[in-house]
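Residues per chain, in single letters:
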Amino acid sequence: RILLKTGTKSDWEQAINFSPLLGEVCIYTDRFQTEVNGELVWVPGIKVGDGETNINDLPFVGDEYITDEEIAVVCNQNFQGSDVVNI
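Note on numbering: residues in each chain are counted from 1, in written sequence order. Reporting of local features is limited, given that this is a predicted model, to residues whose pLDDT is at least 70; pairs of side-chain atoms are given and counted only at 80 or more, and all residues count toward the totals for whole chains, interfaces and linings. As a rule here, side-chain values come from all non-hydrogen atoms in the structure, and water together with hydrogens is ignored.

Trainee: How do you make sense of the sheet that holds strand E2 (residues 25-36) when you look at a structure like this?
Mentor: What holds strands together in a sheet is hydrogen bonding between their backbones, with the strands either parallel or antiparallel. Pairing is mixed across the open sheet formed by three strands, whose spatial order is E1-E2-E3. Here the strands that pair on one side only, and so sit at the sheet edges, are strand E1 (5-7) and strand E3 (39-48). With direction set aside, neighbouring strand axes in the sheet form an average angle of 30°. Here, a strand pair is defined by DSSP locating no fewer than two bridges between the strands. Per the convention used, a helix needs a DSSP run of H or I reaching at least four residues, while a strand needs a run of E reaching at least two, with both numbered from the N terminus. Inspection of the sheet shows E1 paired to E2 by three bridges, in the parallel sense. Within the sheet, the bridge partner assigned to Lys5 lies in E2 and is Cys26. Only the stretch in contact is used when fitting a helix axis, every axis being a line fitted to C-alpha atoms; angles between N-to-C directions are given from 0 to 180 degrees.

Trainee: It is not clear to me how the confidence of the model for the protein chain should be interpreted in this structure. Could you clarify?
Mentor: Regions with low pLDDT should not have their predicted coordinates read in detail. Averaged over every residue, the pLDDT of the protein chain is 82; residues scoring 70 or more account for 83%. Confidence scores differ between elements of the protein chain, with helix H2 (residues 68-78) showing the lowest mean pLDDT of 67 and helix H1 (residues 9-13) the highest of 92. One number per residue, pLDDT, summarises how confident the predictor is, and it ranges from 0 to 100.

Trainee: Quick question: what am I supposed to make of the nonpolar core here?
Mentor: Here is a general trend for soluble globular proteins: nonpolar side chains tend to be buried in one another's company. Side-chain atoms within 4.5 Å link the members of a nonpolar core, which is a set of buried Ala, Val, Leu, Ile, Met, Phe, Trp, Tyr and Cys residues. For every residue, the accessible area (1.4 Å probe, protein chains only) is compared with the maximum for its type, and the residue is labelled buried under 20%, exposed over 50%, or partly exposed between those bounds. Residues Trp12, Ala15, Cys26, Tyr28, Ile55, Leu58 and Phe60 constitute the largest nonpolar core, which totals seven residues. Every residue pair with non-hydrogen atoms within 4.5 Å of one another is taken to be in contact. Once you skip the residues sitting within four places of it in the chain, Trp12 turns out to touch Lys5, Thr6, Gly7, Phe18, Cys26, Ile27, Tyr28, Ile55 and Asn56.

Trainee: What is the right way to read the pairing of E3 from this model?
Mentor: Consecutive side chains of a regular strand alternate in pointing toward one face of the sheet and then the other. Pairing analysis gives nine bridges linking E2 to E3, with the strands arranged antiparallel. Note on E3: the bridge partner recorded for Ile27 is Ile46. Counted between consecutive antiparallel strands, the loop separating E2 from E3 contains two residues, among which Asn37 sits at a positive phi close to 50°.

Next comes the structure, spelled out in structure tokens:
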């Protein structure tokens, strides 16, 4: 069993003196909300520490390749009814 640091966006924003260790994974349970099949769902996000940068200054994994808006479009296209999972 592996336990990763997990919290809400609000929790992480309050972590002003926290710099994750190199390779330490931090999960945002509610990076942003989007509508999927008429239902609002939370989309999670992941950040990986570099050992120096504050959690709030680290980019989300994949941010250099895709925006939140593009993620929302993909979610809306791929989730169907019962496939929607609120995290």
